[in-house]
Each structure stands twice: as structure tokens, then as C-alpha cells.
Amino acid sequence: MNDSRQEPAAAATRAEREAFYARIGADNLAPLWEQLHNLVTRTPRSDCQPAHWSYGKVRPYLTEATSLITAEEAERRVLILENPGLRGKAAITTSLYAGLQAILPGEVARAHRHSQAAMRLILEGSGAYTSVEGEKTIMRRGDFVTTPSWTWHDHGNDSDAPMIWLDGLDVQLVAMLDASFAEASSEDRQELRRPVGDSLLRYGNGLAPVDWTPPANRASPLFCYPYERTRESLLGMQAAGAPDPHLGYKLRYVDPLTGGSPMPTMGAYAQLLPRDFSTASYRCSSGTVFTVLEGRVEVVLDDRVFMAEPNDVFVIPSWTAHRLVAREPSILFSFSDRPVQELLGLWRESRD
Ligand code: GTQ
């Protein structure tokens with residue numbers, strides 16, 4: 001046969017291979033076979049870890065932050081919720097950012113816009129505002145407020161108490177795509193072009209302006225989803241029938257014009273668990289950030305259990321089996337990258 005044929009690869013020593021890798025490395029090449037199974041895993045393998053932030057623990061730090069820096073100086077006075085498996089990346093999941101923002105009476109967080117979409121879930125206080133594209137929304141506890149990609153937004157507090165909310169942004173998704181743009185406004189507070197509540201009246205009553213056309217940022221024109229309405233829907237569902245064994249009574253926030261998520265990169269959810277209800281084990285491919293609006297929920301993972309109380313935040317990584325056990329009648333808010341995964345045909349769940 002052909003004597004000039006090359007020796008089979010198995011004959012090469014580790015040292016020979018390493019020398020080869022070093023040589024090709026200098027030419028910006030790498031051997032796939034050394035990492036194939038880390039790149040293409042049988043199931044999701046995430047550096048994101050389950051984590052729990054107790055509001056009782058974090059709240060005093062927020063007070064401390066308010067005495068160390070003004071909202072004006074900080075632009076946004078936020079403590080980032082850093083996932084312990086992703087330290088230094090400002091990430092709560094691999095794809096998403098979360099933080100707790102505090103704004104004191106009289107303070108203003110000046111207007112800016114960026115390609116990152118943001119959502120707020122109001123945890124404490126009542127009566128501060130977010131203005132989005134010239135429309136002011138007065139915020140109350142439990143309200144879900146969006147500032148979609150590239151919309152001007154500023155926050156202010158005309159009430160007489162601090163306001164604290166959970167911020168969720170698609171920072172890591174946008175960074176991964178190298179698609180971050182940002183711009184500061186010349187005005188601290190946007191000039192208002194529409195009355196308070198305008199978008200709720202135009203888009204939140206099962207109606208829409210007859211000539212409505214979808215915006216370029218593919219976001220819902222409805223910016224505020226008042227908690228009293230969300231709560232009413234959850235309680236109505238509870239009165240009408242049995243809960244889903246894995247999810248309890250769970251609703252998703254929608255863009256009323258498309259039925260899709262309020263913003264293309266993040267989905268948001270509200271979930272009611274009756275007292276003593278225990279969800280069956282569940283996991284999905286979207287790492288999910290939760291906060292408790294009402295009640296107390298025991299979060300049961302394979303290797304740990306923790307109790308989530310009102311305003312606590314916790315995160316369940318991708319493909320991590322968990323059960324939620326309501327020790328009191330409970331309402332949870334959550335958000336994730338699920339709409340992105342669904343659009344890309346990637347999203348999966350397992351109802352074990
Ligand atoms: O309120 O605009 O937590 O731009 C991070 C970045 C909040 C905001 C954050 C932001 C904002």
C-alpha cells in the first residue's frame with residue numbers, strides 16, 4: 001500500500017499535539033476536538049447560579065447608597081444584582097441584567113435613551129414617575145413599567161417617600177450582539193407631549209388608534225401595566241378554575257397590539273400561587289428572575305431551599321429544576337429572555 005500515508009492521529013503524543021496547537025494558535029486557529037463537547041452540550045450548562053437576595057438585607061444598603069451619591073451624580077442610583085456565578089459582569093442571568101434603583105423625594109434621574117430595553121417592577125413607594133417618549137407614568141407598588149429600546153426616559157420622585165424598583169435590562173444580550181448605542185438628552189426632564197395615562201387609554205382598553213402602525217423597536221406602545229389590573233386578572237383566574245400543576249395561575253404581560261411580549265428581548269410574567277400550593281417540578285431553557293409581590297414562597301431546588309419574602313429577588317438558571325411552595329397566598333413577578341428563545345426556535349421546557 002501507500003507508505004507515504006500519514007500516521008493515524010492516535011500515534012501522536014500529547015506533547016506533539018500541544019506543540020501543534022501552539023503553532024496554529026499563533027495563526028489564530030484552534031482545534032475544535034479539544035472543546036467540541038463544551039460548546040455543544042447535551043443540555044444547557046450555565047455559569048449562572050441560583051441566587052436569592054433578601055430585601056431585608058439589601059434595603060439598608062440602598063439607604064446607605066442614597067447618602068453616598070445623589071441620583072443626579074449617579075445618573076441612575078442602582079445596586080446591581082450580580083449573579084454569584086457571573087461576578088463582575090453586571091449579569092443576573094447569562095443574558096440579562098437586574099438592579100434595584102432608589103430615588104428620593106425631589107430627585108431626578110435625567111433623560112437618556114439606549115438600545116438596551118428596560119423594565120421596572122415597582123417594589124416600594126408610590127407616586128414617583130417615569131416619563132417615556134414624552135408621556136409620564138405615575139408608578140405604584142406592583143406596577144410593571146417598560147422603557148423599550150431607544151425610547152427617551154427619565155425618572156423623578158415628586159412624592160414624599162423614597163421609591164425603589166427592580167430594573168431588568170437586556171444588557172448582556174445587546175452586548176453579545178455589539179449593538180449598544182446610547183445618548184444623553186439635553187434636558188433633565190423630558191418635555192411632556194401627552195397627558196398622564198394616555199397610552200393606557202389608547203392601547204390598554206382592547207382598542208387602538210385606527211391608523212396604528214408597528215414601531216421600529218417592535219415594542220408595545222403601552223408603557224404601564226398597573227398592578228391592580230394584573231391582580232384582578234390573577235384573582236379572576238383563580239375563581240374560575242384549577243391552577244396549572246407546574247405554574248399555578250400564570251399570565252404573561254403582552255403587547256396588546258400584537259399579542260407578543262411587551263418588548264422583543266424580554267418577557268414578563270405574573271403568577272398567583274394559592275396558599276399551600278406546591279408546583280410540580282419544572283424547568284425551562286430561559287434563566288428567570290423572580291420577585292415576590294405578595295406572600296411567602298419556598299423555592300425548592302435539588303440541593304437547596306430558600307424562603308422568598310415580599311420584594312426579595314431570586315434567580316433560577318436555565319434548565320434548573322425547581323418547585324415553588326406557597327406558604328401564604330402569593331403573587332410573583334418574573335422576567336426572562338423567553339421571547340428571544342421562542343423567536344429563534346430555541347425555547348424548551350420540561351414538566352418533570
Ligand atoms: O433607569 O435608565 O438599572 O439606563 C441600568 C441602566 C437603569 C435606567 C438601570 C439604566 C437604567
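About the cut-offs
Residues numbered from 1 in each chain as written. Predicted model: local features only at pLDDT ≥ 70, side-chain atom pairs only at ≥ 80, totals over all residues. Heavy atoms only, no water. Helix = DSSP H or I, 4+ residues; strand = E, 2+ residues; numbered from the N terminus. Expected span 1.5 Å × (residues − 1). Contact = heavy atoms within 4.5 Å. Phe/Tyr/Trp six-rings, centres within 6.5 Å; stacked < 30°, edge-to-face > 60°. Buried < 20%, exposed > 50% of the residue type's maximum accessible area, 1.4 Å probe, protein only. Lys NZ or Arg CZ within 6 Å of the ring centre and 35° of its normal. Salt bridge = Lys/Arg side-chain N within 4 Å of Asp/Glu carboxyl O. Near = heavy atom within 4 Å. Polar contact = N/O pair within 3.5 Å; in protein donor to acceptor, adjacent residues only side chain to side chain. Areas by Shrake-Rupley, 256 points an atom, 1.4 Å probe, with all protein chains shown as cover. Nonpolar A, V, L, I, M, F, W, Y, C, P; charged D, E, K, R; others polar.

Enquirer: What is the right way to read helix α3 (residues 55-68) from this model?
Expert: Given 3.6 residues per helical turn, the α-helix brings residues three or four places apart onto the same face. The end-to-end C-alpha separation of α3 is 20 Å, in line with the 20 Å expected for 14 residues at 1.5 Å each. Looking at the buried positions of α3, the neighbouring elements they touch are β1 (51-53), β2 (78-80), β3 (97-103), β5 (118-124) and β10 (163-169).

Enquirer: Honestly, the packing of aromatic side chains in this entry has me stumped. Any pointers?
Expert: When we look at a pair of aromatic rings, we describe it by the centre distance and by the angle of the planes. Summed over all chains, the structure comprises 10 aromatic pairs. With centroids separated by 5.7 Å and ring planes inclined at 70 degrees, the aromatic side chains of F306 and F314 adopt a geometry described as edge-to-face. Where F333 meets F335, the ring centres are 6.4 Å apart and the plane angle is 40 degrees; that geometry is what we call tilted. As far as burial versus exposure is concerned, F333 and F335 are alike and both buried. Just above the ring of Y129 sits the side chain of K136; from NZ or CZ to the centre is 4.3 Å. A cation sits over an aromatic face here: K250 above Y269, 5.2 Å from the ring centre.

Enquirer: I tried to follow the pattern of salt bridges on my own but got confused; where do I start?
Expert: Any two side chains of opposite charge can pair, on the condition that their charged atoms come close. As enumerated under the stated definition, the model contains 19 salt bridges in all. Residue E349 is joined to R351 by a salt bridge in which the shortest nitrogen-to-oxygen separation is 3.3 Å. Taking the relative accessible area as the measure of exposure, R351 reaches 38% and is therefore partly exposed.

Enquirer: Explain unusual backbone geometry to me, please; I cannot follow it from the model alone.
Expert: With the exception of glycine, most residues fall at negative phi, and the peptide bonds are largely trans. A positive phi is found at R218, a non-glycine position, where the angle reads about 55 degrees. Mapped onto the secondary structure, R218 falls in the loop between α6 (198-203) and β12 (224-225). Judged by relative accessible area, R218 falls into the exposed class, the value being 65%. Backbone geometry places W319, a non-glycine residue, at a positive phi of 60 degrees. With respect to the helices, strands and loops of the structure, W319 is situated in the loop between β19 (313-316) and β20 (322-326). Judged by its relative accessible area of 19%, W319 is buried.

Enquirer: Even after reading the chapter, I still don't get the site of the ligand, so can you show me in this structure?
Expert: Around the ligand, the surrounding shell consists of R76, V78, Y97, Q101, H112, H114, R120, H153, H155, D167 and L169. Separating an oxygen atom of the ligand from a side-chain N or O atom of Q101 is a distance of 3.2 Å. For the ligand, whose unbound accessible area comes to 290 Å², protein coverage reaches 88%. Every element with two or more residues in the shell around the ligand is listed here: β3, β4 (108-114), β9 (153-156) and β10. Looking at the shell around the ligand, its residues break down into three nonpolar, five polar and three charged.

Enquirer: How should the environment of A182 be read in this particular structure?
Expert: Take A182: it is sitting in strand β11 (residues 182-184). According to the relative accessible area criterion, A182 is exposed, its value standing at 63%. In sequence terms A182 and S115 are 67 residues apart; their C-alpha atoms lie 6.5 Å from each other. Beyond its immediate chain neighbours, meaning those up to four positions away, A182 contacts R113, H114 and W150.

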